[in-house]
Amino acid sequence: MADKFLIDKAKTVLNQNFQKKGFTIPSKNLYPFQWKWDSGFIAIGFAHFDMEKAKKEINSLLNAQWKNGFIPHIVFHTKNDSYFPGADFHKSSLHPQSPAHIDTSGITQPPVLGFVLEKLYNIADDKEDVLNFLKNQIDKVYKNHKYFYSKRDINNEGLVYIYHNWESGTDNSPVWDDIWKTMNPPRYKFERKDTTHVDYSQRPTDREYDHYIDIIELAKKFNYDDHKIAKHSPFLVQDPLFNSILIRSNESLIKLYKILGGNEEKIKYLKSKNEKSLTSINEKLYNSSIGAYSHFDLRNKKNIPLICSSSFSPLFCGAPDFKKAQRLKNTLVEKFGKEDYYLCSSFDPEGIQHDQKKYWRGPVWINLNWILYQGFKRYKFKETAKRIKNDSLELVDKFGFYEYFNPSKENSKKNNKGYGGENFSWSAALTIDFLHEK
Ligand code: DGY
């Protein structure tokens, strides 16, 4: 398909998912509210053809920021019962610093906003206009980073924890399987809505949902108090993807503050945190026995030596030295890059837990591909970068703007479509960005 045609189709998806209240849903019915990291990627897509919508997207998300700097993973701008768990379940009002004017969740998602603001600035033709916008928004993102370093880096290592698998963005990754074994939640009574929109084989199991719900019940019991959650949550993980995104966003905030001028103290703070984060991510999360970065289970004090697409994300923030980067590339190509596979499967295709259909247990995701593409490009691994970009574009072109895709070329052809939500916003948004890149 010609680039122009694909871009037009992607724009239509974004425009159709854009809501009157000034935010964009990830996908009709399946995800009817505003999601944090979705919004960031969506803003990048809009920035290429409608900067006003890109700004609205960021603005409406940051408008739901809590007074302590926390940015929630869902903002419930409207009432809608096609999604579980909704506002009544999350009950953000339990936290004394949550906003009174809007309901949100009490968990977060990867801190993409720093690098998204930098992208908006780089894409903009009218730099002055975007700088004016940034002037009003950037301190909110800075405050969010301060929240992470002050509340979620309990050992002062420069590595922040997530307390829920939904915070990672890679919801049902096999990386969490052993953590679920340490828990024994009751069988909760709830009505799944996702499986009325998408086939059960492509979504997490009911039993997995019991664990997801259980952690939120615990957080609610403590009124979402960070200190108590850190002490008691059975799920407490240092995630290489989450931390790489934080580091990459620190880097962007530093650049933007320099452009804006007069922010010496903030730059100093971000630089010192970033230095520590970069050292720790290499010392603690790089695992030479598997040739990749991996997660650290802070609750059970052990490394989780599994390889998933997040394992390569430190390339995105420039963490590895060239030797480590080379090793990462080899691991990716050998394990994930077989000829009959699209890059990049969300979980090790050689692992027994790999499942080609099930959400984050194997399928290819366009947002992770975009992050890995930027990472490999940063290290000038041009061929690998090109392959990731080409595979991403081939998938959306052949099968449509789905949420995720079967990594096997043969099985993709048999299905002739993707999985999960259709007309999925970030798949469209990042296609637009890929096609604008030189
Ligand atoms: C879902 O519902 O699967 C979302 O990813 C969680 O926010």
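Figured I'd write up the structure that's included with this text. (Residues numbered from 1 in each chain as written. Predicted model: local features only at pLDDT ≥ 70, side-chain atom pairs only at ≥ 80, totals over all residues. Heavy atoms only, no water.)

**Structural notes on the environment of T78**
Reasoning step 1: Tracing the backbone shows T78 in the loop between strand 2 (74-76) and helix 4 (87-90).
Reasoning step 2: Once you skip the residues sitting within four places of it in the chain, T78 turns out to touch K21, P32 and F33. (Helix = DSSP H or I, 4+ residues; strand = E, 2+ residues; numbered from the N terminus. Contact = heavy atoms within 4.5 Å.)

**Here's the deal with the pattern of salt bridges**
Reasoning step 1: With the rule as written, the count across this model stands at 28 salt bridges.
Reasoning step 2: In this structure, the salt-bridge partner of R192 is D194, at a minimum N-O distance of 2.8 Å.
Reasoning step 3: According to the relative accessible area criterion, R192 is buried, its value standing at 7%.
Reasoning step 4: A relative accessible area of 4% places D194 in the buried class. (Salt bridge = Lys/Arg side-chain N within 4 Å of Asp/Glu carboxyl O. Buried < 20%, exposed > 50% of the residue type's maximum accessible area, 1.4 Å probe, protein only.)

**Focus: the packing of aromatic side chains**
Reasoning step 1: Scanning all chains against the criterion turns up 46 aromatic pairs.
Reasoning step 2: A ring pair is formed by F41 and W370, whose centres lie 6.0 Å apart and whose planes are at 75°; its orientation type is edge-to-face. Taken together, the residues F41 in helix 2 (residues 36-47) and W370 in helix 15 (residues 366-378) connect sequence positions 329 residues apart. As far as burial versus exposure is concerned, F41 and W370 are alike and both buried. (Phe/Tyr/Trp six-rings, centres within 6.5 Å; stacked < 30°, edge-to-face > 60°.)

**Digging into the site of the ligand**
Reasoning step 1: Close to the ligand lie Y31, W35, H73, Y83, W166, D171, R203 and Y359, which account for all nearby residues.
Reasoning step 2: With respect to the ligand, the side chain of Y83 contributes an N or O atom lying 2.6 Å from an oxygen atom.
Reasoning step 3: When isolated, the ligand has an accessible area of 240 Å², and the protein chains bury 95% of it.
Reasoning step 4: Of the residues belonging to the shell around the ligand, the class tally is five nonpolar, one polar and two charged. (Near = heavy atom within 4 Å. Polar contact = N/O pair within 3.5 Å; in protein donor to acceptor, adjacent residues only side chain to side chain. Areas by Shrake-Rupley, 256 points an atom, 1.4 Å probe, with all protein chains shown as cover. Nonpolar A, V, L, I, M, F, W, Y, C, P; charged D, E, K, R; others polar.)

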